[in-house]
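Read off the chains here:
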Amino acid sequence: MTTQSSPETRADQPVLTVPEGPRHARIHGVGGYRPERVVTNEEVCTWIDSSDEWITQRSGIKERRFAREDETVIDMAEAAARDAIAMAGITPDQISVILMATVTHPYQTPAAAPLLAIRLGTNGPAAFDISAACAGYCYGISLANDMVRAGSAEYVLVVGVEKLSDFTDKHDRGTAFIFGDGAGAAVVGPSDFPGIGPTIWGSDGDNWDKIMQKESWTGLRGDMTDPAGGAVEWPNFAMQGQSVFRWAVYSIAPIVDKALAAAGLTAAQLDAFIPHQANMRITDAMIKHIGLPENVPVARDIAETGNTSAASVPLATARMLNEGEAPHGGLALQFGFGAGLVYAAQVVVLP
Ligand code: COA
């Protein structure tokens, strides 16, 4: 592909060689990993004053998984990624980019993605992390789609992974019952047909503080000692639950309409609706908003998995495919939203 020289270009200046494009992209494989330990509502109620009935009614959550103390986001990401790579039918050395969506890798830098690249036996791909909380996976799918379409990558591994149990105050009634741990992954690569619809995404920085890391409210998680020799409190996620709930139900529900319209589809043409697993009542309100026909399967993974932030959409997708709830090759509307506040929605063809 050649482009016209700009007025500033020297007459003898060579024209850059760039990839031909755009081409189509699709998701070739997905995978999920759930830690072994099941944490029931009954167990949560030994830390906070609550009940199984209240938690079930207000959130739809019955249980969640917690990673082992020595189990890291890299360990969980590796397990999910291996499944996605196997389903895609490629080898790790074919991956040219790794995007890791996480807000619980305990280092600001270096990123988690280069470590995952080593674990998987890849060939030194570009590797970086995305901080877009519960929208991180859908942000990643959008970036991967653009990279493959534009030719800057062949296969992109997108991973959403969280170890939220490390950053949750077990004694905070507003969050202790919500979060869980896990990982989900997808391989995005070239395709003969359009496999990823336009992403409708954005941010609402006015609500920046509605979900954020704060020092522990109860101080019961112990200290992190800072290099200056003082002690700082371990950060945990704090959330203004009602504000987030209203934002999700009233402000951003119309985003799903826009993602459908951008893909040229109606709700009745979907084979699955896979919203971020934040709260079953938010999911139900969104279903109502888009007028989703009853026969379209809806991800309800939250009941057994809790809210796993960046991992929630790919984990729910893997479950729906594994359990035959959503068809391989079907059309799924996926929608991530969370801390930032940020959001992203797109229709994808399921692998
Ligand atoms: N167990 C029992 N009762 C609880 C409780 C708990 N864990 N937490 C709060 N309550 C009580 C409150 O004290 C209050 O009692 P009162 O009416 O006597 O004062 C009542 O329940 C309602 O509290 P409120 O904070 O208004 O609860 P809620 O209905 O908003 O539900 C959430 C709380 C967190 C379930 C809900 O706000 C929510 O799901 N928000 C969005 C969360 C989300 O999606 N986060 C992730 C986005 S990525």
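Cut-offs used in this document
Residues numbered from 1 in each chain as written. Predicted model: local features only at pLDDT ≥ 70, side-chain atom pairs only at ≥ 80, totals over all residues. Heavy atoms only, no water. Pairing = 2+ DSSP bridges. Helix = DSSP H or I, 4+ residues; strand = E, 2+ residues; numbered from the N terminus. Axes fitted to C-alpha atoms, helices over the stretch in contact; angles between N-to-C directions. Phe/Tyr/Trp six-rings, centres within 6.5 Å; stacked < 30°, edge-to-face > 60°. Buried < 20%, exposed > 50% of the residue type's maximum accessible area, 1.4 Å probe, protein only. Salt bridge = Lys/Arg side-chain N within 4 Å of Asp/Glu carboxyl O. Near = heavy atom within 4 Å. Polar contact = N/O pair within 3.5 Å; in protein donor to acceptor, adjacent residues only side chain to side chain. Areas by Shrake-Rupley, 256 points an atom, 1.4 Å probe, with all protein chains shown as cover. Nonpolar A, V, L, I, M, F, W, Y, C, P; charged D, E, K, R; others polar. Domains from an automatic or database assignment. Contact = heavy atoms within 4.5 Å.

1. Topic: the sheet that holds strand β5 (residues 126-130)
Thinking step 1. With mixed pairing, the 5 strands of this open sheet are ordered in space as β1-β7-β6-β4-β5. Looking at strand neighbours, the two that pair on one side only are β1 (24-33) and β5, the edges of this open sheet. With direction set aside, neighbouring strand axes in the sheet form an average angle of 20°.
Thinking step 2. Direction of pairing for strand β4 (residues 95-101) relative to β5: parallel, over a ladder of 5 bridges. By the bridge assignment for β5, Val97 is matched with Ala126.

2. Concerning the packing of aromatic side chains
Thinking step 1. Taken as a whole, this structure holds 7 aromatic pairs when the rule is applied.
Thinking step 2. Centroid distance Tyr139 to Trp201: 4.9 Å. Interplanar angle 65°. Geometry classified as edge-to-face. One end of the pair, Tyr139, is in helix α5 (residues 136-150); the other, Trp201, is in strand β8 (residues 200-203), and 62 residues separate them in sequence.
Thinking step 3. Between the aromatic rings of Trp247 and Phe337, the centroid separation amounts to 6.4 Å while the plane-to-plane angle is 65°, which identifies the pairing as edge-to-face. Placement of the pair is Trp247 in helix α6 (residues 241-251) and Phe337 in strand β14 (residues 331-338), with a sequence separation of 90 residues. Here the two residues Trp247 and Phe337 agree in accessibility, since each one is buried.
Thinking step 4. Ring pairs connect the aromatic residues Phe167, Phe179 and Phe237, which therefore count as one cluster.

3. Some thoughts on the pattern of salt bridges
Thinking step 1. A full pass over the atoms with the stated rule returns 16 salt bridges.
Thinking step 2. The salt bridge partner of Asp12 is Arg10, with a shortest N-O separation of 3.0 Å. In this structure, Asp12 and Arg10 share a single accessibility class: exposed.
Thinking step 3. Salt-bridge contacts for Arg37 lead to Glu43; the nearest nitrogen and oxygen are separated by 3.1 Å.

4. Things to note about the site of the ligand
Thinking step 1. In the vicinity of the ligand, 23 residues are found, and the nearest of them are Ser50, Arg58, Gly241, Gln242 and Asn279.
Thinking step 2. One of the side-chain nitrogen or oxygen atoms of Arg58 is found 2.4 Å away from an oxygen atom of the ligand.
Thinking step 3. In the environment of the ligand, an oxygen atom lies 2.3 Å from a nitrogen or oxygen atom belonging to the side chain of Gln242.
Thinking step 4. Protein contact buries 71% of the 960 Å² of open area that the ligand shows by itself.
Thinking step 5. Contributing elements (two or more residues each) for the shell around the ligand: α2 (52-59), α6, α8 (280-290) and β14.
Thinking step 6. Partitioned by chemical class, the residues of the shell around the ligand number 12 nonpolar, 7 polar and 4 charged.
Thinking step 7. For the shell around the ligand, the two domains that each supply at least three residues are domain 1 (24-191) and domain 2 (200-349).

5. Points about the sheet that holds strand β13 (residues 272-275)
Strand pairing within a sheet occurs via backbone hydrogen bonds; the two strands may be parallel or antiparallel.
Thinking step 1. Here we have 4 strands laid out as an open sheet, ordered β8-β15-β14-β13, and mixed in their pairing. Of all strands in the sheet, those with a lone pairing partner are β8 and β13, marking the two edges. On average, each strand axis in the sheet is tilted by 10° relative to the strand beside it, whichever way the strands run.
Thinking step 2. The sheet contact formed by β13 and β14 spans 4 bridges and is parallel. Bridging from a neighbouring strand, Ala272 pairs with Ala332 of β14.
Thinking step 3. Sitting on the sheet, helix α7 (residues 254-262) touches β8, β13, β14 and β15 (342-349), and the angle it makes with β15 is about 35°.
Thinking step 4. Here α8 sits on the sheet in contact with β13 and β14, set at roughly 135° to β13.

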